[in-house]
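# Observations on the model geometry
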Amino acid sequence: MLVSLVGNMHITAFSLLTRTSVHALRHYEAIGLLIPKRLPGNRYRDYGPEQVKEAVFITMSRQVGLGLALIAEQLPRYRAGTLRPTDMIEALNTRRDELEAQIEVLHAQRTMVVEHALWIEERSKRQRQSRTQAKPWPATPRRSPTGRSR
């Protein structure tokens, strides 16, 4: 509904409307995901209402961690209206599985970090204890120049 009310706009207004940073919009243009018109004379970017949905689709896909290559693959189908909800759900489920695998790796690394810290702490304690419990060298009796002990 909002899309039909929007006319063409420059990048700043488009950024605010789509909640996508200007930097990201320029990047998406550079890699061919978004292709705004250019105004004659000043060559400013001029986004049309049809690009609002595309930018939101790209931004939401990036927010869940979908890669730009997958987005570029799916975007033509999204534009054409042939990207089915089941296709999007499948991509999201695949991403969920990737995240779960990453979480497992991170949990294993966290466990190792805790174990390493405990090992270092225990070793440090043992070293401090061995230094404090070590008996000092026995004092060598001082001898007089005559060779007798004092």
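Within each chain, residue numbers correspond to sequence positions counted from 1 in written order. Where local features are concerned, this predicted model is filtered to residues with pLDDT of at least 70; where side-chain atom pairs are given and counted, the filter is 80 or more; whole-chain, interface and lining totals use all residues. In computing side-chain values, all of the structure's heavy atoms are included and hydrogens and water are not.

## What about the overall build of the protein chain?
In plain terms, the rule: Numbered from the N terminus, helices here are DSSP runs of H or I no shorter than four residues, and strands are runs of E no shorter than two. In what follows, residue pairs with any heavy atoms lying within 4.5 Å of each other are defined as contacts. Working definition of accessibility: Shrake-Rupley area with a 1.4 Å probe, residue cover restricted to the visible protein chains.
Broken down by element type, the protein chain carries six helices and two strands. Seen in sequence order, the protein chain has helices and strands lined up from the N terminus as α-α-α-β-β-α-α-α. The long-range share in the protein chain, meaning contacts at least 24 apart out of those at least 6 apart in sequence, stands at 50%. Taken as a whole, the protein chain presents about 11,700 Å² of accessible surface, with 58% of it coming from carbon and sulfur.

## Overview of the side chain of R95
The criterion, for reference: A 1.4 Å probe rolled over the protein chains alone gives each residue an accessible area, and that area as a share of the maximum for its type sets the label: buried under 20%, exposed over 50%, partly exposed in between.
Tracing the backbone through its elements, the reader meets R95 in helix α6 (residues 85–133). The exposure class of R95 is buried, given its relative accessible area of 15%. Ignoring any residue separated from it by four or fewer positions in sequence, one finds R95 in contact with V64, G65, L66 and Q102.

## With respect to the packing of helix α2 (residues 11–18) against helix α4 (residues 50–63)
To keep it simple, the criterion reads: Here the axes come from fitting lines to C-alpha atoms, over the contacting stretch only for helices, and the angles between their N-to-C directions go from 0 to 180 degrees. For classification purposes, an angle smaller than 35 degrees is called roughly parallel, one larger than 145 roughly antiparallel, one from 65 to 115 roughly perpendicular, and anything else oblique. By convention the crossing between two helices is left-handed if the near helix lies anticlockwise of the far one by an angle smaller than a right angle, and right-handed if it lies clockwise. Three classes are used: nonpolar for Ala, Val, Leu, Ile, Met, Phe, Trp, Tyr, Cys and Pro, charged for Asp, Glu, Lys and Arg, and polar for all others, with Gly counted as polar.
Packing of α2 against α4 leaves a shortest axis separation of 10 Å and a crossing angle of 55°. Between α2 and α4, the crossing angle belongs to the class labelled oblique. The interaxial crossing formed by α2 with α4 has right-handed handedness. Contact residues: α2 offers F14, L17 and T18, while α4 offers Q51, V52, A55 and V56. Residue composition of the contact of α2 with α4, grouped by class: five nonpolar, two polar and no charged.

## Concerning the pattern of salt bridges
Applicable threshold: Salt bridges, as used here, are contacts in which a Lys or Arg side-chain nitrogen is within 4 Å of a carboxyl oxygen on Asp or Glu.
For the structure on display, the rule yields 10 salt bridges. Two residues, E29 and R45, come together in a salt bridge whose shortest N-O distance is 2.4 Å. Separated by 16 residues along the polypeptide, E29 in helix α3 (residues 22–30) and R45 in strand β2 (residues 45–46) bring together distant segments of the chain. A relative accessible area of 19% means that E29 is categorised as buried. Residues joined by salt bridges that share partners form a network here, namely E29, R38 and R45.

## Thoughts on unusual backbone geometry
Phi is positive for R19, close to 55°, though the residue is something other than glycine. Within the secondary structure layout, R19 lies in the loop between α2 and α3.

## Topic: the nonpolar core
The nonpolar side chains of a soluble globular protein tend to be buried with one another. Heads up, the rule is: The term nonpolar core refers to a set of buried residues drawn from Ala, Val, Leu, Ile, Met, Phe, Trp, Tyr and Cys, joined through side-chain atoms within 4.5 Å.
Core analysis: the largest hydrophobic core is formed by 17 residues, its most contacted members being F14, L25, L34, Y47 and I58. Apart from residues no more than four positions distant in its own chain, I58 is found in contact with Y28, L33, L34, I71 and L75.

## Some details on the packing of aromatic side chains
The condition is simple: Whether two aromatic rings pair depends on their centres lying within 6.5 Å, for rings of Phe, Tyr and Trp, where Trp uses its six-membered ring; planes under 30 degrees apart make the pair stacked, over 60 edge-to-face, and the rest tilted.
Taken as a whole and assessed by the stated rule, the structure comprises two aromatic pairs. Judged by centre distance (4.0 Å) and plane angle (5°), the ring pair of F14 and Y47 falls under stacked. Pair noted here: F14 is in helix α2 and Y47 is in the loop between β2 and α4, with a separation of 33 residues, a long-range link. For Y47, a relative accessible area of 0% corresponds to the buried category. Considering the side-chain rings of F57 and Y78, the 4.1 Å spacing of their centres and the 15° angle between planes classify their relative orientation as stacked. Placement of F57 in helix α4 and of Y78 in helix α5 (residues 68–80) is noted, with a sequence separation of 21 residues between them. For F57, a relative accessible area of 11% puts it in the buried group.

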